[in-house]
Amino acid sequence: MNSSVRKVPWLTRFSVERPRLVMTLILAVTLLFLTQIPRAKTDTDPKNMLPETSPVRVYNDVVEREFSLHKDVIVLGIVNDDGIFNQETLGRISRITDEIFKIPGVVVRDVTSLTAVDNVLAEGGQLAVRPAVSEIPRTPGAMEELRRSLLTNPLLVNRLLSGDGTTTAIYVPLEPAANARLIADRIKTILPKEAGRERYYLAGDPVARDTFGIQMFYQMALFSPIAGMVMFVVLWWMFRNLTLVFAVMGVAMVSIVWSMGLMIGVGLPVHIMSSMIPVFLMAIATDSIHIFNEFYFRFREAPDKKQAILDTIHAVGRPVRYTALATAAGFAVLALMHIIPVKIFGLFVAFGTVVIRLMSFSLIPAVLMSIKDERIRAVSLKEDEIAHWTSRWLSGLARTGLSHSRLLAGGGLALLAIAVLGISRTHVNNNLVDWFKPHSEIRVADQIMNEKLGGTSLAYLAGVSSVPDFWKRPEALRYLEGLQKDLEGLAVVGKTFSVADYVKRINRVLHQDTPAYDRIPDSQAEIAQYLFLFGMAAKPSDLDNVVDYPFEKVNLSVQLKTWDARAMRDVIARVRTYTAGHSLPGVEFKPAGIAYFNLVWNDEVLSDMLRGFLLAMVLVFTVLAFNFRSLRWALVACTPLLFTIAMIYGVIGYIGKDFDMPISVLSTLSLGMAVDFAIHFVGRFQQRYQEEGDLEKAILWTAARPGKGIMRNAALFAVAFSVMAFAPLTPYITVGLFIVSMMLLSAAVTLVGLPALIVLFQRGLKLSSIKEKMP
């Protein structure tokens, strides 16, 4: 038996002998996984990103339960530039509120609007609680009186009503199992019936999350196939054979269907990270192009198709195996991280990578066996590493590396230093709303509501004491009032609200609405009486939302004017500064709420990805060292990887782009793809040098022949993924542009930089020992 045949994997030999059987089996398994995909469900709730046992998640559930808080609230903003205090606008607010009451999934008792919110008043010297707008005024004088009374009420201003009287909001709390997107759509059907001078805006975290979930499916269903079609065209231009093109696309599609089908089949939802699995697998699958690239050269040299296939796998099988191992290991380490979507993403990209390699050694040989020799021969005649213009150009790039190795090394070090400076300017931040384009409905609504009212991002600060009736003490409420004023000094804070606001309001209205009494009373007994009367007259949730009934715990609500994770970080830092400078013994303030979850998720995802990247880097280096049987060769092969990542992230730092979740995830892709090119280049160079014995000729041959596969790989994905720039969601735009830049840069560094490094360090690399070290 031919020695090359003996070294070919048994799977390839079987696929060459039984191509139809192999393709039939693969098709059957693919169809089985495909049946699972329609069952897919999305999950974009940051709370579900953490394990159920996470202390942050457990404590947040405790806060929501103790203070009767709703997990999800939709905000409907109503803007009238001429002012909302007119009969038409107030009438529309009333009718819209009544219609919202009828929508299934809405917590009717806690819907808050001008016609449904409790207003604290005094009537006949007694405390009275009734809706802010219980009846629409019919005369200009009565309307002006209503306007004055509401705009001077701190319980309403910036919370439910803008200070200039042009904007109000309806807060729509949802049942735990309700679909925010469906309810938002129901609300939208109400609004055309109430057309007038008003503008309506739907905002809030649940709307953004569920809209993003729908857009994720839209992204996977539309833009991934578009990228695939572009790949199809480019592949046909490269190889001029439809069967072969279908084989390359088939490898990508099989890996995607198997991975997504398995993930969905075991009951896992689609998160923002797992929605990118198809994109990553399409990128990884292009590594199979090296097989076709080499096959054309082999068939041109010895037109025996079966032998050409076996010789091809013998030549590129080792680099293909080790690129798969390096990439799979890099992603698999993410399974050790804390964030659930990170675990799922890493596991199933690693699984898809293994599938791609199985297809490389089975589906591709089977397809090649099914192609008529005449069709292959017509194209393979053009594959010449000496005569073809691309091969000459690639040899020229390598010759530049050989001739100017010191200059290139010096320039590379200078660029690396500049890149490191850019990385030092990186800002870590996540903002779900900013993942929509600037002119999208979600982004515009959020911007308007943040400008006009207190803000759409909500955080809670739970003040915890172990003393009953602690929060009836005057000094405790004054402390709370002082903390609120201090927090409202932050630009990102639009409004704070607590039980102290209720006590001050009750004290004022029971003293003839005298402004001087808009303060905390001096007597604990008086405070207790006020809270008792208010609890009897108001909706239960009014008091439940701000204090527990032993009055040991208090809830301070903080409305933020941005969804930036760093805004919540500023709030926590301000609380720590205030509590350090103002003593209130026995009390601790703990953060909770969706804004805090965004911060925790932000920090956990990014720290997970950083730890995962470093661990993956160690594993990849280990794989390289094992593959090349040399630590020095492993260091050389890592250079394009590290340089590419440093340059791209340096640019991100200079342009001020937030280092968010999509950017952090892409670091792993950079690792996998950049090292793939280096493994192919170094591995094939060592093979050639073992045969050739001439350093320059071996490098030029490697650039002209295997380098053509690297160039094809990079060009293919750079062109295909440029269409991602037109995606509706900015994370996918980021992914597309990042991949384009990464593929082109890593290919260039591999084809020019590696020859320069090999020449510079040829003594340290011990080229003479390659023959002994090669297996």
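Residues numbered from 1 in each chain as written. Predicted model: local features only at pLDDT ≥ 70, side-chain atom pairs only at ≥ 80, totals over all residues. Heavy atoms only, no water.

Draft legend 1. Inspection of the overall build of the protein at higher detail. Of regular secondary structure, the protein possesses 31 helices and 9 strands. Along the first, second and third principal axes, the C-alpha set of the protein runs to 105 × 55 × 40 Å. Classification of the 775 residues of the protein by burial places 59% in the buried group. Residue pairs at least 24 apart in sequence account for 79% of intrachain contacts in the protein once pairs closer than 6 positions are excluded. Accessible surface for the protein amounts to roughly 30,800 Å². Of this, 60% is attributable to carbon and sulfur atoms. Put simply, the protein has 78 plus and 68 minus side-chain charges, and the middle of one group is 11 Å from the middle of the other. (Helix = DSSP H or I, 4+ residues; strand = E, 2+ residues; numbered from the N terminus. Buried < 20%, exposed > 50% of the residue type's maximum accessible area, 1.4 Å probe, protein only. Contact = heavy atoms within 4.5 Å. Areas by Shrake-Rupley, 256 points an atom, 1.4 Å probe, with all protein chains shown as cover. Lys, Arg positive; Asp, Glu negative; His and termini not counted. Charge placed at Lys NZ, Arg CZ, Asp CG, Glu CD.)

Draft legend 2. Representation of the packing of helix 25 (residues 631–655) against helix 29 (residues 730–760). The geometry of helix 25 relative to helix 29 is characterised by a closest axis approach of 9 Å and an angle of 140° between their N-to-C directions. By the angle between their directions, the pair helix 25 and helix 29 is classed as oblique. Handedness of the helix 25/helix 29 crossing: right-handed. For the pair formed by helix 25 and helix 29, the contact residues are W633, V636, T639, P640, F643, T644, M647, I648, Y649 and I652 on the first element and F738, S741, M742, L745, S746, V749, T750, L754, L757 and I758 on the second. When grouped by side-chain class, the residues that make up the contact of helix 25 with helix 29 number 15 nonpolar, 5 polar and no charged. (Axes fitted to C-alpha atoms, helices over the stretch in contact; angles between N-to-C directions. Parallel < 35°, antiparallel > 145°, perpendicular 65-115°, else oblique. Left-handed = near helix turned anticlockwise from the far one by under 90°. Nonpolar A, V, L, I, M, F, W, Y, C, P; charged D, E, K, R; others polar.)

Draft legend 3. Structural detail: the sheet that holds strand 6 (residues 457–464). If you trace the 4 strands from one edge of the open sheet to the other, you get 7-8-6-9, paired in antiparallel fashion. With partners counted over all chains shown, the strands left at the sheet margins are strand 7 (493–497) and strand 9 (588–592), one partner each. Between one strand and the next, the sheet's axes are offset by a mean angle of 25°, whatever the strand orientation. As judged from the 4 bridges shared by strand 7 and strand 8 (residues 553–560), these two strands associate in the antiparallel manner. Of the residues in strand 8, the one forming a bridge with K495 is Q559. (Pairing = 2+ DSSP bridges.)

Draft legend 4. Spotlight on the pairing of strand 2 (residues 118–123). Where strand 2 and strand 3 (residues 126–131) come together, 6 bridges link them in antiparallel fashion. Paired with D118 across the bridge in strand 3 is P131. Hairpin connection between strand 2 and strand 3: a loop of 2 residues separates the two successive antiparallel strands, and G124 in this loop has a positive phi of roughly 65°.

Draft legend 5. The arrangement of helix 20 (residues 499–509) in detail. Most of helix 20 sits out of view: 11 of its 11 residues are buried. Within helix 20, the full set of buried residues consists of V499, A500, D501, Y502, V503, K504, R505, I506, N507, R508 and V509. Here helix 20 starts with a cap whose side-chain oxygen sits 3.1 Å from the backbone nitrogen of A500, and that cap is S498. (Polar contact = N/O pair within 3.5 Å; in protein donor to acceptor, adjacent residues only side chain to side chain.)

Draft legend 6. Up close: the sheet that holds strand 5 (residues 199–203). Pairing is antiparallel across the open sheet formed by 3 strands, whose spatial order is 4-1-5. Every other strand in the sheet has two partners, leaving strand 4 (167–173) and strand 5 as the edge strands with one partner each. Recorded for the sheet is a direction-independent mean angle of 20° between the axes of neighbouring strands. Two elements, strand 1 (residues 73–79) and strand 5, share 5 bridges in a ladder whose sense is antiparallel. Note that in strand 5 the partner of I78 across the bridge is Y200. The sheet strands contacting helix 7 (residues 180–190) are strand 1, strand 4 and strand 5, and the helix crosses strand 1 at an angle near 25°.

Draft legend 7. Spotlight on the domain arrangement of the protein. If you check the domain split of the protein, you get domain 1 (1–65 + 240–367), domain 2 (66–209) and domain 3 (441–599). Each of domain 2 and domain 3 was reduced to a C-alpha centroid, and the two centroids are 21 Å apart. Counting residues at the interface gives 45 residues for domain 2, matched by 40 residues for domain 3. Carbon and sulfur atoms make up 62% of the area that domain 2 and domain 3 hide from each other, which totals about 3,300 Å². Summed over the shared surface of domain 2 and domain 3, the number is 3 salt bridges. Residue D164 pairs with K452 through a salt bridge whose shortest N-O separation is 4.0 Å. Joining domain 2 to domain 3, the criterion identifies 12 residue pairs in polar contact (both at pLDDT 80 or more). The set of elements that each furnish at least two residues to the side of domain 2 that touches domain 3 consists of strand 1, strand 2, strand 3, strand 4, strand 5 and helix 8 (205–239). Partitioned by chemical class, the residues of the side of domain 2 that touches domain 3 number 23 nonpolar, 14 polar and 8 charged. (Domains from an automatic or database assignment. Buried area = accessible area lost by both parts, 1.4 Å probe. Salt bridge = Lys/Arg side-chain N within 4 Å of Asp/Glu carboxyl O.)

Draft legend 8. A look at the environment of S162. Looking at where S162 falls in the secondary structure, it is placed in the loop between helix 6 (140–151) and strand 4. With relative accessibility at 1%, the residue S162 sits in the buried group. Discounting residues that sit within four places of it in the chain, S162 has contacts with L151, T167, K452 and L453. A distance of 2.6 Å separates a polar atom in the side chain of S162 from a polar atom in the side chain of D164.

Draft legend 9. Up close: the side chain of Q484. Relative to the helices and strands, Q484 is located in helix 19 (residues 474–487). The buried category is assigned to Q484, whose relative accessible area is 5%. Not counting residues within four places of it along the chain, the set of residues in contact with Q484 comprises T496, F497, S498, A500, D501 and L556.

Draft legend 10. Looking closely at the pairing of strand 4. Strand 4 sits mainly inside the fold: 7 of its 7 residues count as buried. Side chains T167, A169, Y171 and P173 project from strand 4 onto one buried face, and the interleaved T168, I170 and V172 project onto a second face that is buried too. Pairing of strand 1 with strand 4 involves 7 bridges; the strand directions are antiparallel. Each bridged residue has a counterpart across the sheet, and for I74 the counterpart in strand 4 is V172.

Draft legend 11. Inspection of the pattern of salt bridges at higher detail. Across all of its chains, the model carries 30 salt bridges by this definition. Of the charged contacts in the structure, one is a salt bridge between R574 and D486, with a shortest N-O distance of 3.0 Å. Placement of the pair is R574 in helix 23 (residues 565–581) and D486 in helix 19, with a sequence separation of 88 residues. Members of the salt-bridge network, linked through shared partners, are E294, R298, R684 and R705.

Draft legend 12. Geometry of the nonpolar core. Within the largest apolar cluster, 259 residues are counted, with the highest numbers of intra-cluster contacts made by I74, L76, I100, I272 and W471. Ranked by the residues each element gives to this core, the list is headed by helix 24 (residues 594–628), at 18 residues. If we ignore the near neighbours within four places in the chain, the residues touching I74 are I170, Y171, V172, L174, A180, I183, A184, I187, L202, A203, P206 and V207. Formed by 6 residues, the second largest nonpolar core is a distinct cluster that contains V63, F67, A462 and A592. (Core = buried A, V, L, I, M, F, W, Y, C linked by side-chain atoms within 4.5 Å.)

Draft legend 13. Representation of unusual backbone geometry within the structure. In this model, S68 sits at a positive phi of 50°, which is unusual for a non-glycine residue. With respect to the helices and strands, S68 occurs in the loop between helix 4 (55–66) and strand 1. Positive phi, close to 60°, is recorded for D513, a residue that is not glycine. When you line up the elements, D513 lands in the loop between helix 20 and helix 21 (524–537). On the basis of relative accessibility, which here comes to 31%, the residue D513 falls in the partly exposed class.

Draft legend 14. Representation of the environment of V62 in the model. Considering the arrangement of structural elements, one finds V62 in helix 4. Put simply, V62 and G593 are 531 residues apart on the chain and 11 Å apart in space, counted from C-alpha to C-alpha.

Draft legend 15. Region of interest: helix 24. With 35 residues, helix 24 extends 49 Å between its outermost C-alpha atoms, agreeing within 8% with the 51 Å of an ideal straight helix rising 1.5 Å per residue. Looking one or two residues past helix 24, R629 carries a phi angle of roughly 60°, positive in sign. (Expected span 1.5 Å × (residues − 1).)

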